[in-house]
Amino acid sequence: MTLAAIDIRTRKPLVSNPTAGKMGVKDFLELPISVQHDWEAYTVIDQALVDLENGEFMSASMLTDALFMDDRVSACLSTRINPMFGLPWEFQWQGQDDEDEDDSDSSAEIIALKQKIAELAEEHFDDMIPAASLKEIMRGGIMLNAGLGQNIWEWGDDDLLYPRLSSWNSQFLYWQPQTRSFWVTTMNGTVEITPGDGSWVLFSPSGENHGWLFGLIRAIGFLWIDRRFALRDWARASEKWSLGLVRAFVPSDANKEAKLSFANAVEDLPSEGTVLCPTTEKGKFDLEVVKTDAMTGWEAFDKRVTNLNGAIAIVMLGQNLTTEVSQHGSRAAATVHENVRADYLAEDCEQIA
């Protein structure tokens, strides 16, 4: 985190070279976000991903937001992000403990200033980078390769100007091939995101140049809609078939009044489908529950949902034994596979640092 050097008399950033003059304190206002819940067709998912592949983030971002209604996706992404916030933070000035960094020409005063900046960053870190903002930016970076944030510059009690990171929804972002840069639509108009200008933060772990092709939404999107359809169909099948079909037998030679009286009594059974079946057995009035096809049973849906749960965990965490160990694995195996997830965690920490 860089702290701006400030002229106390003018309360303006001290500029030491022309390129540093891009440092600004203008705040941009975020547009109201849009939401979409009707992701009920593969073609809708596919169109959102096509837009993303062309550098338009609106639909893919709304799809990402919709995924958080799914307990599995939400839990896996929280498992991916939250551990980093439980680790200790270490604050160093740039080049500290770097063997390739030569500080031999730096005076004691400069070294002390660097140390002071590191101490200030540690002291004000929670205010400068709120955990909620950083988590949202990480979610955008992991899912879309585009976690967007803005630095809001505020004066501290020590007459220094501090940035406070504010997260933005990535749906306002797009890639402009003519300028080879990202642009964001704000309440103040369309703004180019310029690296190092002190205003915008864009978390792109897979790189800036078409790195959005490697966002996890491209792998998770269809898995999520498959899971959604499977859970929906399971609930429908449970409602329709769990009570089975009742066959009501009546003697074929019974009088009409007797048949009608029996049929009315059977039809009054709640939530059950009934078929009236005449029988040649004399005087037989009977009921029989008919089992439905095995493919409409809970086992088929359970297996399908379990497979999708595992696929989602593998994409987001690199493994699924730690999430499925109670059913499908041993604790020892899960411990070994935890190393894969630790590799993801180490990479995330390095990217954020």
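Read on for an overview of the structure. (Residues numbered from 1 in each chain as written. Predicted model: local features only at pLDDT ≥ 70, side-chain atom pairs only at ≥ 80, totals over all residues. Heavy atoms only, no water.)

**A short note on the sheet that holds strand E3 (residues 147–155)**
Paired through backbone hydrogen bonds, the strands of a sheet run either parallel or antiparallel to each other. The strand order across the open sheet formed by three strands is E4-E3-E8, and the pairing between neighbours is antiparallel. Since the sheet does not close on itself, it has two edges, and those belong to strand E4 (161–168) and strand E8 (200–203), each with one partner. Ignoring strand direction, the axes of neighbouring strands in this sheet form an average angle of 30°. With eight bridges joining them, E3 and E4 adopt antiparallel strand pairing. Directly across from Gln 150, in E4, lies its bridge partner Ser 166. Helix H5 (residues 131–144) rests against E3, E4 and E8 of the sheet, and its axis sits at about 50° to E4. (Pairing = 2+ DSSP bridges. Helix = DSSP H or I, 4+ residues; strand = E, 2+ residues; numbered from the N terminus. Axes fitted to C-alpha atoms, helices over the stretch in contact; angles between N-to-C directions. Contact = heavy atoms within 4.5 Å.)

**Looking at the packing of aromatic side chains**
Under the criterion given, the structure shown has 11 aromatic pairs. Plain terms: the ring middles of Phe 28 and Trp 200 are 5.4 Å apart, the flat faces sit at 25° to each other, and that makes the pair stacked. Placement of the pair is Phe 28 in the loop between strand E2 (12–13) and helix H1 (42–53) and Trp 200 in strand E8, with a sequence separation of 172 residues. The same class applies to Phe 28 and to Trp 200, which are both buried. On the numbers, 5.5 Å between centres and 50° between planes, the contact of Trp 175 with Trp 212 is tilted. (Phe/Tyr/Trp six-rings, centres within 6.5 Å; stacked < 30°, edge-to-face > 60°. Buried < 20%, exposed > 50% of the residue type's maximum accessible area, 1.4 Å probe, protein only.)

**What to know about a negative patch on the surface**
A surface patch of like charges, here negative, comprises Glu 119, Glu 122, Glu 123, Asp 157 and Asp 158. Residue placement: Glu 119 occurs in helix H4 (residues 108–128). Judged by relative accessible area, which is 41%, Glu 119 ranks as partly exposed. (Patch = residues over 30% accessible without salt bridge, like charges linked within 9 Å, V, L, I, M, F, W, Y side chains within 5 Å. Areas by Shrake-Rupley, 256 points an atom, 1.4 Å probe, with all protein chains shown as cover. Salt bridge = Lys/Arg side-chain N within 4 Å of Asp/Glu carboxyl O. Lys, Arg positive; Asp, Glu negative; His and termini not counted. Charge placed at Lys NZ, Arg CZ, Asp CG, Glu CD.)

**Let's talk about the sheet that holds strand E5 (residues 173–176)**
Taken in spatial order, the three strands of this open sheet run E5-E6-E7, and their pairing is antiparallel. Both edges of this open sheet fall to E5 and strand E7 (189–192), since each of them pairs with a single strand only. Ignoring strand direction, the axes of neighbouring strands in this sheet form an average angle of 30°. One ladder, built from four bridges, connects E5 with strand E6 (residues 181–186); its direction is antiparallel. Bridge pairing in E6 links Tyr 174 to Trp 183.

**Considerations on the pairing of E4**
Two faces belong to every sheet, and in a regular strand the side chains alternate between them. Within E4, six of the eight residues are buried, leaving the element largely enclosed by the surrounding structure. Here E3 folds back onto E4, and the loop between the two strands holds five residues, one of which, Asp 159, carries a positive phi near 60°.

**Some thoughts on helix H7 (residues 256–267)**
Along an α-helix, residues three or four positions apart point the same way, because every turn accommodates 3.6 residues. In this model H7 runs 16 Å from its N-terminal to its C-terminal C-alpha over 12 residues, within 8% of the 16 Å that 1.5 Å per residue would give. Every buried residue of H7 is listed here: Phe 262, Ala 263 and Val 266. Buried residues in H7, looked at end-on, bunch into an arc of 100°, giving them a common side. Residues of H7 that are exposed and angled more than 90 degrees away from the buried face: Lys 256 and Glu 257. (Expected span 1.5 Å × (residues − 1). Arc of directions from axis to C-beta.)

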